[in-house]
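Chain by chain, the residues run as shown.
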Amino acid sequence: MIPYGKQDINQNDIDAVLEALKSDFITQGPRIPTFEKSLTDYTGAKHGVAVSSATAALHIACHALGVEKGDIVWTSPVTFVASANCARYCGADVDFVDIDPATYNMSVKRLKRKLIEAKSIGRLPKVVIPVHLTGQSCEMEEIAQLAEDYNFKVIEDASHAVGGKYKSAPVGNCAYSDITVFSFHPVKIITTAEGGISMTNDDELAERMALVRSHGVTRDENLMKEESHGPWYYQQIDLGFNYRLTDIQAALGTSQMQRIDEFIKIRNDLAYRYDQLLADVAVVTPVQHTDCYSARHLYVIKLEDEGKHRQVFEYMRKNGVGVNLHYIPIHLQPYYKRLGFNPGDYPAAEDYYARAISLPLYTKLTHDEQDQVVATLKAALSA
Ligand SMILES: *Cc1c(COP(=O)(O)O)cnc(C)c1O
């Protein structure tokens, strides 16, 4: 089976992990700041707080922005459940802004319309979480303008987009947001097996996130609320979590960062090759916004005929192509239905769900395998 995604680990990555394993620190130690620096250097953001997953990064981002019960957080319905769950962890309500049918990202037009309505009923969001689906940035300049006009904070869920660019600058520089989150799950662009990071230019947000990454406990006397009892002293000043990344994982991440541009180039070349191979096939290929250079985490096609969706999907899986579907709209999940969401709430997201298929895309995908994917798709469409 050709999988839809796969990590790319080389001997340097393995050597880096072995070296970390043999060192004095194997959980959060000196390799964490080194890994964080590789991401601040790469993106230009001032701070990076590395944690055990992007889910954890989204949670501490919401926490640092003061999200709590009574607040409301908006995200896209077409994303992984973690983009919405992070707000629920803080006790906040969640609502969704339907997608742009061309890019599949949160629609700025719909966001604007929803903000006008929300203002009139006094229910504006505290935080909006745009998701850079497939690795292509949302229209962040417009979203940042709305954030200013309607006074909300912005967390970019850039789990798919490390290595991508928006208006020629790296995604993650936080030029248009308060915090940007990356994921290092093995199917994503670079990996630490499990891991994530919150990037920010704000000193206070960085400090708050670093604190709750490890129980809300500090050994820094400058942060303590009461006088130190002695050299053994540590103090809990907030309710935090154990969201630490290990030094073993950070070693892998730092090593992976050396190849990030190579990874993005290969992914873009493969995506371009899919575009060519599918030019005369009855599917919609991914639309690229002119402001964006996508990290190309996913290559999503949309069938023109939604009646064949399930059949094509099953045919391809049966014939050795590990297609996938990113994502089931969150509001259709039973947990979210229990909170009051219903089918029909976000028609663009549901139309996407009825027709989308993620084709295999990863750095080690060969041209032969790619040809096989396209041949299988063609056969599935005419079956
Ligand atoms: C993968 C992913 C996450 C969660 O990442 P983890 O590192 O697995 O916690 C969150 N949001 C999106 C859009 C993702 O694709």
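Residues numbered from 1 in each chain as written. Predicted model: local features only at pLDDT ≥ 70, side-chain atom pairs only at ≥ 80, totals over all residues. Heavy atoms only, no water.

Asker: Go over the domain arrangement of the chain, please, and point to the residues and values.
Answerer: With domains assigned, the chain is organised as domain 1 (11–257) and domain 2 (260–382). The C-alpha centroid of domain 2 is placed 26 Å from the C-alpha centroid of domain 1. Contact residues are listed per partner, giving 41 residues for domain 1 and 35 residues for domain 2. Taken together, both faces of the contact between domain 1 and domain 2 bury some 3300 Å²; the carbon and sulfur share is 62%. At the boundary of domain 1 with domain 2, the tally comes to one salt bridge. Asp291 serves as the salt-bridge partner of Lys167, at 3.3 Å between the closest nitrogen and oxygen. Here domain 1 is connected to domain 2 by 20 residue pairs in polar contact (both at pLDDT 80 or more). Among the elements of the structure, helix H4 (82–89), strand S3 (93–96), helix H5 (108–120), strand S6 (165–166) and helix H8 (247–257) are those that each provide at least two residues to the side of domain 1 that touches domain 2. The class makeup of the residues in the side of domain 1 that touches domain 2 is 20 nonpolar, 12 polar and nine charged. (Domains from an automatic or database assignment. Contact = heavy atoms within 4.5 Å. Buried area = accessible area lost by both parts, 1.4 Å probe. Salt bridge = Lys/Arg side-chain N within 4 Å of Asp/Glu carboxyl O. Polar contact = N/O pair within 3.5 Å; in protein donor to acceptor, adjacent residues only side chain to side chain. Helix = DSSP H or I, 4+ residues; strand = E, 2+ residues; numbered from the N terminus. Nonpolar A, V, L, I, M, F, W, Y, C, P; charged D, E, K, R; others polar.)

Asker: Lay out the site of the ligand with the relevant residues and their values.
Answerer: Lining the immediate environment of the ligand, one finds 15 residues, of which Thr55, Asp157, His160, Ser183 and Lys188 sit closest. The side chain of Thr55 places a nitrogen or oxygen atom 2.5 Å from an oxygen atom of the ligand. Between the ligand and Ser159 there is a distance of 3.3 Å, counted from a nitrogen atom to a side-chain nitrogen or oxygen. Considered on its own, the ligand offers 380 Å² of accessible surface; in the complex 93% of this is hidden by protein. (Near = heavy atom within 4 Å. Areas by Shrake-Rupley, 256 points an atom, 1.4 Å probe, with all protein chains shown as cover.)

Asker: Go over the packing of aromatic side chains, please, and point to the residues and values.
Answerer: For the structure on display, the rule yields 11 aromatic pairs. Centre to centre, the rings of Phe96 and Phe341 are 5.1 Å apart; their planes meet at 65°, and the pair counts as edge-to-face. Of the two residues, Phe96 sits in strand S3 while Phe341 sits in the loop between helix H11 (334–338) and helix H12 (347–355), which places them 245 residues apart along the sequence. Under the relative-accessibility criterion, Phe341 is labelled buried at 10%. Seen in terms of ring centroids, Tyr336 and Phe341 are 6.4 Å apart; in terms of plane orientation they differ by 50°. Their pairing is tilted. Judged on exposure class, the residue Tyr336 and its partner Phe341 are both buried. Taken together, the ring pairs connect Phe96, Tyr335, Tyr336, Phe341 and Tyr346 into an aromatic cluster. In this arrangement the basic side chain of Lys114 is found over the ring face of Trp74, its NZ or CZ atom lying 5.3 Å from the centre. (Phe/Tyr/Trp six-rings, centres within 6.5 Å; stacked < 30°, edge-to-face > 60°. Buried < 20%, exposed > 50% of the residue type's maximum accessible area, 1.4 Å probe, protein only. Lys NZ or Arg CZ within 6 Å of the ring centre and 35° of its normal.)

Asker: Lay out the sheet that holds strand S12 (residues 283–284) with the relevant residues and their values.
Answerer: Read across the sheet, three strands follow the order S12-S14-S15 without closing on themselves; strand pairing throughout is antiparallel. Only two strands of the sheet have a single neighbouring strand rather than two, namely S12 and strand S15 (356–359). Of the pairings in the sheet, the one linking strand S14 (residues 299–303) to S15 comprises four bridges and is antiparallel in character. Note that in S15 the partner of Lys302 across the bridge is Ala356. Its contacts with the sheet put helix H10 (residues 309–318) on S14 and S15, and the angle it makes with S15 is roughly 20°. (Pairing = 2+ DSSP bridges. Axes fitted to C-alpha atoms, helices over the stretch in contact; angles between N-to-C directions.)

Asker: Describe the packing of H5 against helix H6 (residues 140–150), and please don't skip the residues or the numbers.
Answerer: Packed helices, taken two at a time, are described by the angle their axes make and the gap between the axes. Two elements in contact, H5 and H6, have axes separated by 11 Å at closest approach and are oriented at 5°. With respect to H6, the element H5 is oriented roughly parallel. Within the contact between the two elements, H5 uses Val108, Leu111, Lys112, Leu115, Ile116 and Lys119 and H6 uses Glu142, Ile143, Leu146 and Tyr150. Looking at the contact of H5 with H6 residue by residue, the class counts come to seven nonpolar, no polar and three charged. (Parallel < 35°, antiparallel > 145°, perpendicular 65-115°, else oblique.)

Asker: Please set out the environment of Lys112 residue by residue, giving values where relevant.
Answerer: Locating Lys112 in the fold gives a position in helix H5. Given the relative accessible area of 45%, Lys112 is considered partly exposed.

Asker: Now, about helix H9 (residues 260–277): what can you tell me, with residues and values included?
Answerer: Here H9 spans 26 Å end to end across 18 residues, near enough to the 26 Å set by a 1.5 Å rise per residue. Along H9, the residues classified as buried are Ile260, Phe263, Ile264, Arg267, Asn268, Leu270, Ala271, Arg273 and Tyr274. Looking at the buried residues of H9, the elements they touch are helix H2 (31–43), H8, strand S13 (292–293), S14, S15 and helix H13 (367–382). (Expected span 1.5 Å × (residues − 1).)

Asker: Hey, could you go over helix H1 (residues 11–21) for me, with residue numbers and the actual values?
Answerer: Listed in full, the buried residues belonging to H1 are Asp13, Ala16 and Ala20. Take H1 and look down its axis: the buried residues cluster within an arc of 65°, on one side only. On the buried face of H1, the contacting elements are H2 and H8. Where H1 begins, one side-chain oxygen reaches toward the backbone nitrogen of Asn12, 3.1 Å away; that side chain belongs to Asn10. (Arc of directions from axis to C-beta.)

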